[in-house]
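Architecture and fold: a report
If you want the building blocks of each chain, they are given just below.
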Amino acid sequence: KRRVTVVETAPATRLAIGEEFGFDPGTISTGRMVNALRELGFDYVMDTNFAADLTIMEEANELLARIKNGGTLPLFTSCCPAWVNYLEIHRPELLPH
């Protein structure tokens, strides 16, 4: 049974990847990137724009709440599982941040 494959790209990727295709820095290369990923076999190519915007709003709300209520500062934030894993294993004392 064939599995459906999905790739999700970060907003900055479509801008940064243009240089890898030989374009001037800052050239938006969304179409080329999507075509390349489809050629690699991905069934769906998604962009995280909307989710990234929601994340930024939630992080801002959390920061404001911490400032208002005397919460732990500074606020460290990352959606990257590797960063969270690093903190959990190597710097657990920073988890409240």
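Going by the structure above, here's the rest.
Since the model is a prediction, treat every value here as computed from it, not as a measurement.

Observations concerning the overall build of the chain
For the chain, the helix and strand inventory stands at 4 helices and 2 strands. The order of α-helices and β-strands along the chain, N terminus first, is β-α-α-β-α-α. For the chain, whose C-alpha radius of gyration is 18 Å, the value lies well above the compact-globule estimate of 13 Å for 97 residues. Along the longest, intermediate and shortest principal axes, the C-alpha atoms of the chain span 50 × 40 × 25 Å. Nonlocal contacts in the chain, meaning residues at least 24 apart in sequence, comprise 47% of its contacts between residues at least 6 apart. For the chain, the accessible surface area stands at approximately 7,500 Å², while carbon and sulfur atoms represent 59% of it. Considering the chain, the positive charge centre built from 9 side chains and the negative charge centre built from 13 side chains are found 7 Å apart.

Details of the pattern of salt bridges
One pass over the full model with this rule turns up 3 salt bridges. The closest approach of N and O atoms between R66 and E62, which form a salt bridge, is 2.7 Å. Of this pair, R66 and E62 both sit in helix α3 (residues 49-69), 4 residues apart, which is roughly one turn of the helix. Accessibility expressed as a relative area gives 33% for E62, which makes it partly exposed. One salt bridge in this structure joins E93 and R91, with 2.6 Å as the shortest N-O distance.

Structural notes on the side chain of H97
As for its position among the elements, H97 is in the segment after α4 (81-90). At 2.8 Å, the side chain of H97 forms a polar contact with the backbone oxygen of P74. Excluding anything up to four places from it in sequence, H97 contacts R66, T72, L73, P74, L75 and F76.

Cut-offs and rules
Residues numbered from 1 in each chain as written. Predicted model: local features only at pLDDT ≥ 70, side-chain atom pairs only at ≥ 80, totals over all residues. Heavy atoms only, no water. Helix = DSSP H or I, 4+ residues; strand = E, 2+ residues; numbered from the N terminus. Rg over C-alpha atoms; globule rule 2.2 N^0.38 Å. Contact = heavy atoms within 4.5 Å. Areas by Shrake-Rupley, 256 points an atom, 1.4 Å probe, with all protein chains shown as cover. Lys, Arg positive; Asp, Glu negative; His and termini not counted. Charge placed at Lys NZ, Arg CZ, Asp CG, Glu CD. Salt bridge = Lys/Arg side-chain N within 4 Å of Asp/Glu carboxyl O. Buried < 20%, exposed > 50% of the residue type's maximum accessible area, 1.4 Å probe, protein only. Polar contact = N/O pair within 3.5 Å; in protein donor to acceptor, adjacent residues only side chain to side chain.

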